[in-house]
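What follows is each chain in one-letter form.
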Amino acid sequence: MRIAAVGDNCIDDYFGTGEAYPGGNPVNVSVYAVRLGLAASYTGAVGSDQNGRLLRRALAGKGVDVSHLHTLPGRTAVTRVELCKGERVFREYDEGVLADFRLSDGDLDFLCGHDLVATGLWGRIEGELPRIKARGVPVAFDFADREQGPVLDAAAPYVDYAFFSRREDSGELRDFLRAFRQRGPKVVVATLGEHGSLAWNGEAFIPCGAVRCPVVDTMGAGDSFIAGFLAGVLQKKPLAACMEQGARSSSVTLQYRGAW
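Residues numbered from 1 in each chain as written. Predicted model: local features only at pLDDT ≥ 70, side-chain atom pairs only at ≥ 80, totals over all residues. Heavy atoms only, no water.

K.L.:
Even after reading the chapter, I still don't get the side chain of Asn9, so can you show me in this structure?
P.N.:
When you line up the elements, Asn9 lands in the loop between strand E1 (2–6) and strand E2 (10–14). Side chain to side chain, Asn9 and Tyr42 meet in a polar contact 2.9 Å long. A distance of 2.8 Å separates a polar side-chain atom of Asn9 from the backbone oxygen of Ala45. With near-sequence residues (within four places) excluded, Asn9 lies in contact with Gly23, Gly24, Val27, Tyr42, Ala45, Val46, Leu55, Thr76, Ala77, Tyr93 and Leu98. (Helix = DSSP H or I, 4+ residues; strand = E, 2+ residues; numbered from the N terminus. Polar contact = N/O pair within 3.5 Å; in protein donor to acceptor, adjacent residues only side chain to side chain. Contact = heavy atoms within 4.5 Å.)

Pasting the structure below:
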């Protein structure tokens, strides 16, 4: 079972600590998928700087296939991060060379050789999703905390598993999940932090509690939930079991600094 993660990457630079870690939604998903025993690749672009070399070396060291990680002249993306009582808060973001990255035909062929493609809001590949779906490859997409916008409009019809980040369950959230599923996805999931997660499959809402654990840093918690959930999908587990696997995966990530 192979997951292709594609899209954005960055170096997470923590305010005032001197710590910097490789990250980015699809990057994190690829690493966590390997941690769960799957094969995974990451397709994207880093700069020709020290951060780019760090990210490539770190991914390869985790067993992620980086054969389609491109190096472009310029800066690797950087996100400034502040920790507030264990909760990560994103500050400034420098997109660097990702602003110029586009998938080649060879990249598309490579992605479609996997069992599932995972990407997200800042990955800049929503325009390529029709080509991926046309070849019968399931797509997972992390929409983060967005509820509307051009990326959602472009991606929704071609997504099988849609993920959103919210704070708690509510009638408004359930209405949103119902409405969004009608735009294309088979399953729509909202991660709810300490309140667990909630999925809508068109027939029923499936809740799942969080796994209680010491919280050191929430960086990557949502991405590790996604990786665990998608591992369950590829293992053909029921939806509730996929969510439980996501929760367990997330609990591991919460207990250390940085995404991985």
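From this point, the discussion proceeds with the structure in view.
K.L.:
Could you clarify how one ought to interpret the packing of aromatic side chains in this entry?
P.N.:
Each pair of aromatic rings is reported with the distance of its centres and the angle of its planes. Scanning the model with the defined rule gives eleven aromatic pairs in all. A ring pair is formed by Tyr161 and Phe229, whose centres lie 6.2 Å apart and whose planes are at 65°; its orientation type is edge-to-face. Pair noted here: Tyr161 is in strand E10 (residues 161–165) and Phe229 is in helix H7 (residues 221–234), with a separation of 68 residues, a long-range link. For the pair Tyr161 and Phe229, one class covers both residues: buried. By the ring-pair criterion, three or more aromatic residues cluster together here, those being Phe141, Phe143, Phe164, Phe176 and Phe180. (Phe/Tyr/Trp six-rings, centres within 6.5 Å; stacked < 30°, edge-to-face > 60°. Buried < 20%, exposed > 50% of the residue type's maximum accessible area, 1.4 Å probe, protein only.)

K.L.:
Can you walk me through the environment of Val188 in this structure?
P.N.:
Tracing the chain through its elements places Val188 in strand E11 (residues 187–191). The spatial distance from the C-alpha of Val188 to the C-alpha of Asp160 is 8.4 Å, given a sequence separation of 28 residues.

Everything listed here is a matter of geometry and, on its own, says nothing about what the molecule does.
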